[in-house]
Structures are given as structure tokens and as C-alpha cells.
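This is what each chain is made of:
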Amino acid sequence: MSEQTGPSPEATTFAEAPIGEYLSDLAAKIPAPGGGAVAALHAAQGAAMVAMVARYTTRAKDADNRPAIDRIIAAADRARTRSLALADADARAFTAVGAAYKLPKDTDEQVTARQQAITAALLEAARVPAAVVAEADEVLSLAAELLPIGNPNVVTDIGAAAGAARSAATASQLNIAINVASLGERDGAEFADPLRRIEEITARADALHTEVLAAVVG
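Residues numbered from 1 in each chain as written. Predicted model: local features only at pLDDT ≥ 70, side-chain atom pairs only at ≥ 80, totals over all residues. Heavy atoms only, no water.

A look at the overall build of the protein chain
Basically, it comes down to this: Helix numbering and strand numbering both begin at the N terminus, where a helix is a DSSP run of H or I of at least 4 residues and a strand a DSSP run of E of at least 2. Three labels apply to residues, based on accessible area from a 1.4 Å probe with only protein chains included: buried if under 20% of the type maximum, exposed if over 50%, partly exposed otherwise in between.
Along its length, the protein chain carries 7 helices and 0 strands. Sequence-ordered secondary structure for the protein chain, helices as α and strands as β, is α-α-α-α-α-α-α. Once the C-alpha set of the protein chain is aligned to its principal axes, its extents read approximately 70 × 35 × 30 Å. In the protein chain, which comprises 218 residues, the proportion classed as buried is 44%.

Here's what the structure looks like:
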């Protein structure tokens, strides 16, 4: 998955890597994976749980809701695939930031080129978690839609999906903020909307958690 110098083009993707290998890399003193990958994988797990609950809601008694269930399954599977790809993109973006800061700065031309490279890398490093926020929003919306029609025997997994989406959003908030802090005001303005969405996502996720808990304990 990751090497001391960052992921190579031949590195195993997050979709392919065993969970133990991923966790070993996460615990190691290497640049990536880090918090950005964790955020993306939270979103992927939330999407997977939504899809799982939906697939358990394909009984004969669920026939009236089958069109909605099939749509939720397809949307959740797509969100999972996109989120896994974002975990890989985050590792690449993080590596690019480090490489930009290592560029030479001995001449005025090099200083200018280095600063341009740093800005471009920081923008990409913030855009990846911003995209994760969008996936978390999608997962949460699907979970909320599924709750009233999903198989009640696995209703707690809808709550778990909401919690995973919330974690994806709040972890992404930190990753956006640290990159935006190094950007100018004009470049940083691009991320105002994703940061506002995070506040909405956390509130919706908390409300859905409460609703699922009420369904379980009464």
C-alpha cells in the first residue's frame, strides 16, 4: 500500500489491500496512509453498510419498496467505489505536498515554481477530503431514506452507517482545514461550502443515530 517515500504507481490500492496490511501501514512511521485515508474509508464503510441493509430488505414483504431499495443498493455501491478511490487519491495528494515542499529554492525562478507547486498540491490535498464530505453526505442521505423501509432486524447497521458518515465528515474537516490554513484567502474560499456542509452532516447523523436508538430501545 505505502512505502517510506510514499505510494508508487504499482502500490496496492485500498480496494485490494488486506485490512491487516492497511492497519500496519496506518500504524507505521510513514507518510501515508493517514487521516485522509481513514476519512475516505469511513465513508466507504458507511456506504457498504447501507448496501448491506438494503440487500437484507429484498424479502417478499418488501416488494412495494423494491424500486427504492434497488436504487439505494446501486447508489451505495457507487459511493463505496468512489470513497475507496478517494483513499488512494489522498495518499497521492499527501505525497505530492511533501514533494512540492522539497523543491529547490535557490533562485527567484525556483522560488516561484516551488510556491506554485505547493499551492497546487495543497489545493488538491484539500479537494480530496472535500470530495469525501460529498460522499459522506450521500451515504447519510441514503441511510436516512432506508431507515423507514429497511429490514428492522438490521436497523442498528443503519445507525452504524450514519456514524461512519459522520466520522468521514469530521475527519475530512480537519484535513481540509490544515491545507486551507496554508493557502491564500482566495484559494481557501473554494472550501467554504464543504466546511458548512460538515456542520449539517454531523447534525443529521446525530439525529439519525437518535432515531435508530429509539427504534431499538423504544
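Next comes the rest of the write-up.
A few points about the layout of surface pockets
Inclusion rule: Definitions used for this entry: grid spacing 1 Å over protein atoms alone; cavity, a set of points where a 1.4 Å probe fits but cannot get out; pocket, an open set with protein on both sides within 12 Å along at least 5 of 7 lines; lining residue, one with an atom within 4 Å of a point. Grid points are joined across faces, edges and corners, and a volume is the space filled by probe spheres set on the points. Following the grouping adopted for this structure description, the nonpolar residues are Ala, Val, Leu, Ile, Met, Phe, Trp, Tyr, Cys and Pro, the charged ones are Asp, Glu, Lys and Arg, and the polar ones are all others, Gly among them.
Reported here for the second largest pocket is a volume of approximately 260 Å³. If you trace the second largest pocket, you find 14 residues lining it, with Ile 19, Leu 41, Ala 44, Gln 45 and Leu 84 closest to the centre. Of all the secondary-structure elements, those providing two or more residues to the lining of the second largest pocket are helix H1 (19-27), helix H2 (35-55) and helix H3 (66-101). No other element matches H2, which puts 6 residues into the lining of the second largest pocket. Broken down by class, the residue content of the lining of the second largest pocket amounts to 11 nonpolar, 2 polar and 1 charged.

What to know about the confidence of the model for the protein chain
The criterion, for reference: Across the chain, each position has a pLDDT score giving the predictor's confidence in that residue, from 0 to 100. Throughout, a contact is declared for two residues whenever any of their heavy atoms are within 4.5 Å.
Mean pLDDT over the protein chain stands at 93; residues scoring 70 or higher make up 95%. Segment residues 1-9: pLDDT under 50, and 23 contacts once partners within four positions in sequence are set aside and those in other chains are kept.

Considerations on the packing of helix H5 (residues 155-180) against helix H7 (residues 192-217)
The line we're drawing: What counts as an axis is a line fitted to C-alpha atoms, over the stretch in contact for a helix, and the angles between N-to-C directions run from 0 to 180 degrees. Reported orientations rely on four angle classes, namely roughly parallel under 35 degrees, roughly antiparallel over 145, roughly perpendicular from 65 to 115, and oblique for the rest. Note on convention: the crossing is left-handed when the near helix lies turned anticlockwise from the far helix by less than a right angle, right-handed when the turn is clockwise.
Packing of H5 against H7 brings their axes to within 9 Å, and their N-to-C directions diverge by 160°. Here H7 runs roughly antiparallel to H5, going by the angle between their axes. The crossing of H5 and H7 is left-handed. In this structure, H5 uses Val 155, Thr 156, Ile 158, Gly 159, Ala 162, Ala 165, Arg 166, Ala 169, Thr 170, Gln 173 and Ile 176 to contact H7, whose residues at the interface are Pro 194, Leu 195, Ile 198, Ile 201, Thr 202, Ala 205, Asp 206, Leu 208, Val 212 and Val 216. When grouped by side-chain class, the residues that make up the contact of H5 with H7 number 14 nonpolar, 5 polar and 2 charged.

What about the packing of aromatic side chains?
Given two aromatic rings, their pairing is described by the distance between the two centres and the angle made by the two planes. The condition that has to hold: What counts as a ring pair is set by centres within 6.5 Å for rings of Phe, Tyr and Trp (its six-membered ring), and what kind of pair is set by the plane angle: stacked under 30 degrees, edge-to-face over 60, tilted for all other angles.
If you walk through the whole model with that rule in mind, you get 1 aromatic pair. Considering the side-chain rings of Phe 14 and Tyr 22, the 5.8 Å spacing of their centres and the 75° angle between planes classify their relative orientation as edge-to-face. Residue Phe 14 is classed as buried on the basis of its relative accessible area, which comes to 11%. Of the residues examined, Tyr 22 reaches a relative accessible area of 9% and is grouped as buried.

Description of the environment of Ala 207
Among the structural elements, Ala 207 can be located in helix H7. Under the relative-accessibility criterion, Ala 207 is labelled partly exposed at 46%. Sequence spacing of Ala 207 and Ala 162 is 45 residues, and the spatial spacing of their C-alpha atoms is 9.4 Å.

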